[in-house]
Structure formats: structure tokens, C-alpha cells
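Now for the letters of each chain:
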Amino acid sequence: DKAVLVQYLSMLGLTVYISVFLSLTHLPLNGRSLLLSPCLSETPEARVLERAVLESRVREMEEENRQIRLQLNQLQGTAGQPADGGNYGNAAWGASADTGPDDVENTAEERANHTECPRSPTILKCELIHVACVCAGHNASRDVVTLVKSILFHRRNPLHFHFITDAVANQILSSLFQSWMVPSVQVSFYDADELKSEVSWIPNKHYSGIYGLMKLTLTKALPSDLTKVIVLDTDITFATDIAELWAIFRKFTDKQVIGLVENQSDWYLGNLWKNHKPWPALGRGFNTGVILLYLERLRRIGWEQMWRLTAERELMSMLSTSLADQDIFNAFIKQNPVLVHQLPCFWNVQLSDHTRSEQCYTEVSDLKVIHWNSPKKLRVKNKHVEFFRNLYLTFLEYDGNLLRRELFGCPSQATSESVRLQGALEELDEDDQCYDFRRERITVHRVHLYFLQYEYTPAGDDTDVTLVAQLSMDRLQMLEAICKHWEGPISLALYMSDAEAQQFLRYAQASEVLKNRKNVGYHIVYKEGQFYPVNLVRNVALRNANTPYVFLADVDFLPMYGLYDYLRKSVVQLDMAHTKKALVVPAFETLRYRLSFPKSKAELLSMLDMGTLYTFRYHVWTKGHAPTNYAKWRTATTPYKVEWEADFEPYVVVKRDCPEYDQRFVGFGWNKVSHIMELDAQEYDLMVLPNAFMIHMPHAPSFDISKFRSSPGYRYCLQTLKEEFHQDLSRKYGAAALKYLTAQRNI
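Residues numbered from 1 in each chain as written. Predicted model: local features only at pLDDT ≥ 70, side-chain atom pairs only at ≥ 80, totals over all residues. Heavy atoms only, no water.

Per an unreviewed UniProt entry, the chain is named LARGE xylosyl- and glucuronyltransferase 2, and its organism is Oncorhynchus kisutch. Recorded in UniProt under Subcellular location (unreviewed entry), the annotation for the chain is "Golgi apparatus membrane". The annotation that UniProt attaches to the chain under Pathway (unreviewed entry) is "Protein modification; protein glycosylation." (UniProt positions renumbered as here; feature names shortened; annotations may be inferred.)

Shown next as C-alpha cells:
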């Protein structure tokens, strides 16, 4: 009866279950039933109904408490030994000493006040958690960011990520973490090329290739003083604090060196198809998407030699691995079962087809780690896949800026860059009318280089030219047209939110034009702040061009057909390698959304005369391109030099090591003008190309130009920044820069 059950719960120290039980039964301890109204509960029929409801709920509570007693008995009976020790392949899924609500090291008070939620062993506050990943290539670099986001979202401890990378992933991730600046996060990189010789002798059929074997080398790759590490595949999503997983190291026996979750498919049982012969494994085998490696103990037992001997022995009959490192880990464990600590399966819920993953949990809220280990990834079959997919997409599109938070009670070590930025921030006057503009200049934006696959080696004749531009989501439709007009390499910086970056990814992968172009580098600069940091975004694109010359353009211009080859010839003709020149590509515009693009200069001149085309901005900003001298260009057959004039902002071809854009200019106004002014200050000759042109395509006004037109404060601050730029130019270039100040005053 109810009173006996309450007394029993009290004896177990499960005081919280008493309140749960009473709330479920709606019965005060010494009072009348509240299941039915006081009047109705006096009737015989009502009492029968009430008793049936009560009995049903009591049975539910008894079953729940039976599970709790089982866990308590396991803890008491093993005196600290894991309940699943030695019981490989047959342990109750989801039931383990690691998940019990009690812990031998907890105080009596803690044991008396636990909730129905399983309690994991605790770790020290501010204890550093080490996480290792093998990451190679552009796609894996994107995947690992989503993994990292899910870890950062839940974490309450400092983290040290150890990445074994190829050159591509190293460049991408080192730039990303440097610009992300997450407090209490350290990152180390290890060259995968230096480890290839350790595993290159192993034939491997798995799609991960040689990198799928790299986890075998971690005792050698990682620092010798690193004792423990959590090893993760890049296709993992965390749904809980990684500290809970780290704490399981405390559950290891003295002999255990590796923690793994049982494999949830029938692969190692060898019954998937006729003549299927998997590598040897203990029972169902283990999945290596989530591994606890006790590095110190592994080194002590001679891990490197042991796994090599295992691999050599099995390869004599198996000939190659099918599941990369996982096959070798399993063969090793088969021979040495005492060395493995089996983790509860919700620490690696494997979402490949035909798995038993649904038996890992009774509620999706029980999940700890989701592993997208099917080649189908998000399209895998599972009755809860919609929930898993939404969880994954949440982190995929989550604003990474929100993860730049300090850990409560765990102050992070200040880096030289963070100290510099803090000093610069303190120097700003918050009462300054242009405070927001000045703050934007010192804002550090996250940057993800080479968001999509990029494969391009510059031409060997040192004449190659990269088109450099920046864009945001509202100019995405221009990309296909530009790729059709420009066959050479392109470096694009895209200013987007995390969610917009994923929209762009889907757009690019669905485009036949874009997905077939491997010589376009897409670099994501993540949104932050109220202004469009146009020159910062341009500089990201400029820095990541890998050819000797760059064509500094805007994304809403279409270059003439054949411009890439023409520019390369012009580079040679004008001896760009040995002189300081900026080659001007004359700019035109159309007001028509549908344009029959001119195939030659003669055709363009005809359209100009007919009024189909115009010289760029002739009707709103003549000064911007008037020095190009369009009248002379009409008949020119050879390049001609023009002089700098105030507000001149042509599109130019220069050496890649040209001055960068001045990042104080954000949004609309003076962002290109200031750059051309600095080129002139450095004595670049402005040479107009006689047979080159580009055409601006119409689009709606940007948000920033609307702000410029409507806000007197915006225009005041732009003028203030101009004056400060002139002063800086004078300090940098001396008397030669006085002409810019004079020219500005004469406008």
C-alpha cells in the first residue's frame, strides 16, 4: 500500500521519489483521495475506479524502484568495480554502473538527495578535458565545427582540442579557432603526414582512407605527458556535457585502458549477407566513433607494438580492413578483453541502417551522443531520425558567437591578442558619437576559410590572376553568372550568419555550375555587430588568393568573356613583375535585368550609343570613374596612364601583395576610394586597359546605402573617418600625401 511504499522509499534514501509518487497518485499521506471529487469518491463505483488507477500507478512506481534497487545492488556488490566488466555483448543496454544514481564517492547527503536522473561521476571544477579528432579535407573540417559547437554548448569545463590534420584542415581550423577566440579552449595541431608511414602499410577499403587508421597512432602523435583523452569521429553530436563522459575514466579498473560502446549493428556477427566475413571481435564488437583512451596505460603495456602485431596477424587472412581502425581495435580487444571498459550505449547512439540503436534509450531525452556513422548521414532510417536531425541542425546553424562565453568560476588565461583587443576597447570613448563605427574596427569576426572543396594550382608562368570579391546572401544569385564569365580562379568572402552559411552550402551543392568548379575558394566571415565590415571581408578574400596577381572586383559585376586570358597577357605586356602598376578595367552598367551581354568592345560601344549601357554611375556618382577617361577608351588600342583624382574608385588588377583595404570603413562609403588612394600614395601607375570591360548588373539598394542616405549621424561619422584616414596617410607617407587632403578640400 501507499504508506509502505513511502516508508520503503525513505529507507532507500530516495526522498525525491516520495514527492513524485504522491504527485502521481494525487493522494496526501494522511487524507482523502483527490483522484475524484469528495462526493463521488464515497460511491462504491468510484472507489473501485480509484483503486484501479492507484494500483496501476503503484505498479509503475514499483517497476521504476526495482530498476533503482538493481543499480544500487550492482554498486554495493562490486565495491567500485564496473557492473559490465567481462559481460561483453550481453550487458543490459543502457544499464551500467556508469549511469547509476549513486556513487561510492558521493556523501550521504548527496546520495539522499539525488533525482531520478542518473548521476554520473563528477570531475573537478575547472578540470581540463582533452579531446582528440582526426580531420582531413574540406568536408570533415565543416563537420568538426558542428561537433565542436555541440560540445561547447553543453560544457562547463576548460577544453583542449587535439586535431590530427592534413594541410587543408590545418589551415581551415587554425584560422577558425584563432578568430573564434573561445575562452578556456586550447587547440593543438599534429601533422597527419608525419603519421602516414605508421599505417600506410595497412590495406583499407573504408571510405575514410588512410585517415581512418590514424587513431591507432595517438599514443605516438599526442604529447607524451598527456595521460587521458576522449577520441571522437567528426560525425558526432553531443547532447550533454562532455564532462560526464570524461568522468567515466574514474570508473576504469587498474587494468582497463580503453572505453568503448558496443557496436549496434550485426556487422561483426557475420550474418549481414552470404559469405560475409568480418574481422574477429568480442560478441557484437565495439564502435570506435567515441573512445576513452587511457594513454599513459596504453604506452605502459606497449600499445604500438601490440596493435601492429594484431594487424599483421589478421591481415594474413583478412587481406584488408573494411572498417579501418575499428577492425584492428576489435581484433585487439578479442585477444585482450580485460583491457576494455564497456560504455553504456547512449554514449554512442549509432545511426547507421539496421542497427539496434533504438534499444539504447526509452526517451530521446536520455541520449548523450549521436553518431551519424552511415554514409547516408541525415537520410538514415530511424523512427526518431527527425528528432536527431533537428538536434544536429540546431548546432549546424547555431550562432557560434554565442559560444564565446567565459566559464563561470573558471577564469581563462588571457592571450596576447585578447589583451590587445581589450586595451583597444578601453581606449574608446563610449560617449563618442561614432563609437559604434570605431568599435567595429576592432571586432574579431570568425572566419571559416575554404568552406567548400578547393583544388587549384596556379599556372607555372607566374601570370595567373584571381578574381577577388565579397558578397552577402542577397547577391548569391550572381555566382553562377560570374563563374560562366570568368574561368580562372576566384576568391570569394561571404558575410553570413551560421544559418545563412548552411543555406549557401545547399545552394552551391545543388548548382551544376558551382559544384563543378573546384577553383573557387569560398571563405565565410560570420556576421557580428550592426555594420557590414566590407573592407574586412574584402581583405579575407584578398589574403586567400593564391596567384601572383589579383583582380579586385565586386560581385555584382560581370567581367567580359575572355577577360581572364586577356589580363594574363596584359600582365606580361606591361611587365607587371618588375613595375608598380594597377591595371584599370573600365566599368559600365545596365539598368536591365535581362541583358544580351556584349561579346566584344565594338558591340559594347554600339550598346553604349543606343542607351542600353552606360558608363558606371554616370548619373549618380560621376567622380567615381570619370578619371578612367571613357572618351579616350573608345578609340584606344594600347594601355594608357591616368592620374589619380579625388573619389576615384576603379576596379584594378594588382600584385597580390598590394596594400590591404582600410578596415575602419564599414558599410557604405569610401571603402574602395581609400584603397585606390593608398595605391597612388605607394606610387602605383594607374593603367587603363583598352580592350577590357566589366558590366554592373542591377539590384536593389543595400541596407547600408539606405542608412547612409537617411542618417545624418552615419554621414557625419563617415566624414570623421575620412579626415582621420587622411591624417594617418600623411603620417605614413609624409608630404606626398598632402595632395589628397588638398583635393578633398577642393571638392
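J.: Kindly report on the overall build of the chain, identifying the contributing residues and their values.
T.: Assigned secondary structure in the chain consists of 26 helices and 23 strands. Counting only residues that meet the buried cut, the chain has 54% of its 747 residues in that class. A sequence separation of at least 24 residues applies to 78% of the contacts in the chain between residues at least 6 apart. For the chain, the accessible surface area stands at approximately 33600 Å², while carbon and sulfur atoms represent 52% of it. (Helix = DSSP H or I, 4+ residues; strand = E, 2+ residues; numbered from the N terminus. Buried < 20%, exposed > 50% of the residue type's maximum accessible area, 1.4 Å probe, protein only. Contact = heavy atoms within 4.5 Å. Areas by Shrake-Rupley, 256 points an atom, 1.4 Å probe, with all protein chains shown as cover.)

J.: So, helix α12 (residues 325-335): which residues are in play, and what are the values?
T.: With nine of eleven residues buried, α12 is to be regarded as a mostly interior element. The set of residues buried in α12 consists of D325, Q326, D327, I328, F329, N330, A331, F332 and I333.

J.: How would you summarise the side chain of H162 if you had to cite specific residues and measurements?
T.: By secondary structure assignment, the location of H162 is in strand β2 (residues 159-165). Excluding residues within four positions of it along the chain, H162 makes contact with H130, V131, A132, C133, S188, Y190, L222, P223 and L226.

J.: Tell me what's going on with the pairing of strand β1 (residues 129-135), and back it up with residues and numbers.
T.: Of all the seven residues making up β1, seven are buried; the element is thus mostly covered by neighbouring parts of the structure. Both β1 and β2 contribute to a ladder of seven bridges, which runs parallel. Its bridge partner being in β2, V131 is matched across the sheet by F161. Since β1 and β2 lie parallel, the crossover through helix α5 (residues 137-154) that links them has a hand, and here it is right-handed. Here β1 runs beside strand β4 (residues 228-232); their pairing, made up of three bridges, is parallel. In the strand pairing of β4, C133 is matched with L232. (Pairing = 2+ DSSP bridges. Right-handed = clockwise from strand over helix to strand, strands pointing away.)

J.: Explain the environment of L452 to me, using residue names and the numbers behind them.
T.: Residue position: L452 is located in the loop between β11 (447-448) and β12 (465-472). Classification of L452 as buried rests on a relative accessible area of 12%. For the pair L452 and V520, spaced 68 residues apart in the sequence, the C-alpha separation amounts to 8.5 Å. In contact with L452, other than residues within four places in its own chain, are H138, R142, F504, L505, A508 and Y522.

J.: Explain the environment of V168 to me, using residue names and the numbers behind them.
T.: Along the chain, V168 turns up in helix α6 (residues 167-180). For V168 and C135, which are 33 residues apart along the polypeptide, the C-alpha to C-alpha distance reads 9.4 Å. Among residues more than four places away in sequence, those in contact with V168 are G137 and H138.

J.: Describe the state of the cysteines, with residues and values.
T.: Scanning all chains against the criterion turns up two disulfides. Each sulfur in the disulfide pair C126 and C410 lies 2.0 Å from the other. Looking down the S-S bond of the C126 and C410 bridge, the torsion is -95°, so its handedness is left-handed. Taken together, the residues C126 in the loop between α4 (108-112) and β1 and C410 in the loop between α13 (385-396) and α14 (416-427) connect sequence positions 284 residues apart. A residue is classified by how much of its surface remains accessible, and C410, at 3% relative accessible area, is buried. Left unpaired, C133 is separated from the closest cysteine sulfur, that of C135, by 7.5 Å. Its relative accessible area of 2% is what places C133 among the buried residues. (Disulfide = S-S within 2.5 Å.)

J.: Lay out helix α19 (residues 534-543) with the relevant residues and their values.
T.: An α-helix turns once per 3.6 residues; consequently, residues spaced three or four apart project the same way. Of all ten residues making up α19, nine are buried, and the element is well covered by its neighbours. What α19 keeps buried is the set V534, N535, L536, V537, R538, N539, V540, A541 and L542.

J.: Go over unusual backbone geometry with me, naming the residues and quoting the values.
T.: Phi is positive for L319, close to 75°, though the residue is something other than glycine. Look at L319 and you get exposed, because its relative accessible area is 62%. Backbone geometry places R617, a non-glycine residue, at a positive phi of 60°. Its place among the elements puts R617 in the loop between β19 (614-615) and α22 (630-635).

J.: Any details on the pattern of salt bridges? Residues and values, ideally.
T.: For the structure shown, the criterion picks out 34 salt bridges. The residue K527 makes a salt bridge to E500 at a minimum N-O spacing of 3.1 Å. With K527 in the loop between β14 (520-526) and α19 and E500 in helix α17 (residues 498-510), this residue pair connects regions lying 27 residues apart in the sequence. Assessed through its relative accessible area of 35%, K527 is described here as partly exposed. Salt-bridge contacts for D728 lead to R664; the nearest nitrogen and oxygen are separated by 2.6 Å. Within this pair, whereas D728 is found in helix α25 (residues 712-733), its partner R664 is found in the loop between β21 (651-655) and α23 (673-681), the two being separated by 64 residues in sequence. The network of salt bridges with shared partners includes K149, D399, R446 and D498. (Salt bridge = Lys/Arg side-chain N within 4 Å of Asp/Glu carboxyl O.)

J.: Which residues make up the sheet that holds β2, and what are the values?
T.: The strand order across the open sheet built from seven strands is β3-β2-β1-β4-β7-β6-β8, with neighbouring strands paired in mixed fashion. If you trace the sheet from one side to the other, it starts and ends with β3 (185-191) and β8 (340-343), each paired once. Each strand of the sheet is rotated relative to its neighbour by a mean of 25°, with strand direction disregarded. α6 contacts β1, β2 and β3 of the sheet and is inclined by roughly 155° relative to β2. (Axes fitted to C-alpha atoms, helices over the stretch in contact; angles between N-to-C directions.)

J.: Can you break down the packing of aromatic side chains residue by residue, with the values?
T.: Centre-to-centre distance and the angle between the planes together describe a pair of aromatic rings. Overall, the coordinates contain 34 aromatic pairs when judged by the stated rule. Between W303 and F332, the ring centres sit 4.9 Å apart and the planes meet at 90°, which makes this aromatic pair edge-to-face. Placement of the pair is W303 in helix α11 (residues 303-318) and F332 in helix α12, with a sequence separation of 29 residues. Both residues of the pair, W303 and F332, count as buried. (Phe/Tyr/Trp six-rings, centres within 6.5 Å; stacked < 30°, edge-to-face > 60°.)

J.: Describe the packing of α11 against α12, with residues and values.
T.: Relative to each other, α11 and α12 sit at 100°, their axes nearing to 9 Å. Comparing their axes, α12 and α11 come out roughly perpendicular. On α12, the residues touching W303, M306, W307, T310, A311, R313 and E314 of α11 are I328, F329, A331, F332 and Q335. Looking at the contact of α11 with α12 residue by residue, the class counts come to eight nonpolar, two polar and two charged. (Parallel < 35°, antiparallel > 145°, perpendicular 65-115°, else oblique. Nonpolar A, V, L, I, M, F, W, Y, C, P; charged D, E, K, R; others polar.)

J.: An account of the packing of α23 against α25 is requested, with residue identities and associated values reported.
T.: Close contact between α23 and α25 brings their axes to 12 Å; oriented N to C, the two are set at 15°. Taken together, the axis directions place α23 and α25 in an arrangement best described as roughly parallel. For α23 against α25, the interelement crossing comes out right-handed. Side by side, α23 and α25 meet where S674, M677, E678 and A681 of the first sit next to F725, H726, L729, K732 and Y733 of the second. Per-class residue counts for the contact of α23 with α25 are five nonpolar, two polar and two charged. (Left-handed = near helix turned anticlockwise from the far one by under 90°.)

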